[in-house]
Amino acid sequence: MADDEPTRAARLLDAQAKAALLFAEIEERGLVAPGEGERAVSDRIRDLANEMFGTTRHWHKRIVRSGPNTLAPYKENPPDRVIGADDIVFADFGPIFEEYEADFGRTFVLGDDPVKHRLRDDLPKVFAAGRSFFGNTPDITGERLYTEVVRLAEKAGWELGGWHAGHLVGEFPHESIEGAHVESYVTPDNTTPMRRTDKAGRTSHWILEIHLIDRERQFGGFYEELLTL
C-alpha cells in the first residue's frame, strides 16, 4: 500500500536528513583529501553510507569530481583524477533509504584560493534564492525556474553548468514521465507546472540542482537538495 502524502513528505525529509549526516561525516573524517583518486573517494563514501545506515543502493551514479572535472555535467564521465592540494571538489550522491530517494550534493575547497571559496559560498545562496522564487511563484514551470536560476548564477558572476537545474524525486524508482522525459526536469523545454500530481495522484516533489562554473579558471561547484519540502 502506498504511503499517504504526509508520510511521503516525512520519509523524503528523513532520507535527506540522513544524506546530510553522511556528508557531515565525510567532512569529519577528511575523506576528500589531496592525493586521493576521485573513484577511491567515491568508494569510501559508498562504504561509509553502508556503515552508517546500511545503505547499499544508490539510484544514480555516484559522483566525485575535482579540478577541471567539476566543469562536466552529470551525463559526462571524465577520467579518474587525483585530487590536488589546492583543489575544489564536489560530491553528488543519490542514496536510497528505506525505498525513498535522497539526492544531495556539496562542494569542498581544500586550499586557500579565494575565488574557489567564493564559488563554494555562493552555491547555497543561489540555491536559497531559487527556492524562494519557486515558493513565491504558484504557477511556476520548469522553464521559468531554470531561467531564474540562470539569472541568479550570472548575477553572482558565474555560469550555470548543466542543461537542467533539478528533477523529480520520490519513491524508488521515482516517476519519469513516459514520452515526456523533459517534464521530469527543471529545464528550458519544460513548460508544464511543477506543482502537479503524477499519474498515481501523488504530489510531485522536486530536487533543485545548482551547478556553477567558471569556464575561464576551469573549475566549478555543485549544491543540491530538496526544493519542495
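Look a little higher up for the structure.
Once a new chain begins, its residue numbering starts again from 1 and follows that chain's sequence as written. This being a predicted model, a pLDDT of at least 70 is required before a residue's local features are given, and a value of 80 or more before pairs of side-chain atoms are given or counted; all residues contribute to the totals for chains, interfaces and linings. Side-chain measures here rest on the full set of heavy atoms in the structure, leaving out hydrogens and waters.

Draft legend 1. Seen up close, the pattern of salt bridges. The salt bridge criterion pairs a side-chain nitrogen of Lys or Arg with a carboxyl oxygen of Asp or Glu, the two atoms within 4 Å. Evaluation of the coordinates by the stated rule reveals 22 salt bridges. Measuring nitrogen to oxygen at the nearest pair gives 3.9 Å for the salt bridge that ties Lys 18 to Glu 98. Residue Lys 18 is found in helix H1 (residues 5–28), and its partner Glu 98 is found in the loop between strand S3 (96–97) and strand S4 (100–101); the two are separated by 80 residues along the sequence. The exposure class of Lys 18 is buried, given its relative accessible area of 18%. What emerges from the salt-bridge pattern is a single network uniting Glu 5, Arg 8, Glu 171, Asp 198 and Arg 202. A run of DSSP states H or I qualifies as a helix once it reaches four residues; a run of E qualifies as a strand once it reaches two. Both are numbered from the N-terminal end. Classification of residues uses two cut-offs on accessible area relative to the type maximum, computed with a 1.4 Å probe and protein chains only: under 20% is buried, over 50% is exposed, and between them is partly exposed.

Draft legend 2. Representation of unusual backbone geometry within the structure. At Glu 98, a position not held by glycine, the phi torsion is positive, near 50°. Even without being glycine, Glu 99 reaches a positive phi, approximately 75°.

Draft legend 3. Focus on helix H4 (residues 142–155). A helix is expected to span 1.5 Å for every residue after the first. End to end, H4 covers 20 Å across 14 residues, agreeing with the expected 20 Å (1.5 Å per residue, within 8%). Those residues of H4 not exposed but buried are Gly 142, Leu 145, Tyr 146, Glu 148, Val 149, Leu 152 and Ala 153. The buried residues of H4 all sit within an arc of 165° when viewed along its axis, so they share a single face. For H4, the exposed residues set more than 90 degrees away from the buried face come down to Glu 154 and Lys 155. Here a residue-residue contact requires only that any non-hydrogen atoms of the pair lie within 4.5 Å. Contacts made by the buried residues of H4 are with helix H3 (114–135), strand S6 (159–160) and strand S8 (205–214). Positive backbone phi, approximately 95°, marks Gly 157, located one or two places after H4. What the arc measures is the spread of directions leading from the helix axis to the C-beta atoms.

Draft legend 4. The arrangement of the packing of H3 against H4 in detail. Every axis in this analysis is a line fitted to C-alpha atoms, fitted for helices over the stretch in contact. Angles between the N-to-C directions lie between 0 and 180 degrees. Taken N-terminus to C-terminus, the directions of H3 and H4 make an angle of 145°; their axes are 10 Å apart at the nearest point. In terms of crossing hand, the pair formed by H3 and H4 is right-handed. For the pair formed by H3 and H4, the contact residues are Val 126, Ala 129, Gly 130, Phe 133 and Phe 134 on the first element and Arg 144, Leu 145, Glu 148, Leu 152 and Ala 153 on the second. Here the contact of H3 with H4 is composed, by residue class, of 7 nonpolar, 1 polar and 2 charged. In this scheme the crossing of two helices becomes right-handed for a clockwise turn of the near helix relative to the far one and left-handed for an anticlockwise turn of less than a right angle. Three classes are used, and their members are as follows: Ala, Val, Leu, Ile, Met, Phe, Trp, Tyr, Cys and Pro are nonpolar, Asp, Glu, Lys and Arg are charged, and the others, Gly among them, are polar.

Draft legend 5. Broad picture of the pairing of strand S1 (residues 63–66). Burial along S1 is two-sided: Ile 63 and Arg 65 and Val 64 and Ser 66, pointing in opposite directions, are all buried. Pairing of S1 with strand S2 (residues 88–93), which is carried by 4 bridges, proceeds in the antiparallel orientation. Its bridge partner lying in S2, Arg 65 is registered against Phe 90. Whether two strands pair depends on DSSP finding at least two bridges between them.

Draft legend 6. Spatial organisation of the packing of H1 against helix H2 (residues 38–53). Viewed as axis vectors pointing N to C, H1 and H2 meet at an angle of 120°, and their least axial separation amounts to 10 Å. The angle between the axes of H1 and H2 places the two elements in the oblique class. As H1 runs across H2, the sense of the crossing is right-handed. Every residue of H2 that contacts H1 at Lys 18, Leu 21, Leu 22, Glu 25 and Ile 26 is listed here: Ile 45, Leu 48, Ala 49, Met 52 and Phe 53. Split by residue class, the contact of H1 with H2 holds 8 nonpolar, no polar and 2 charged. Put simply, angles under 35 degrees are roughly parallel, angles over 145 are roughly antiparallel, angles from 65 to 115 are roughly perpendicular, and the rest are oblique.

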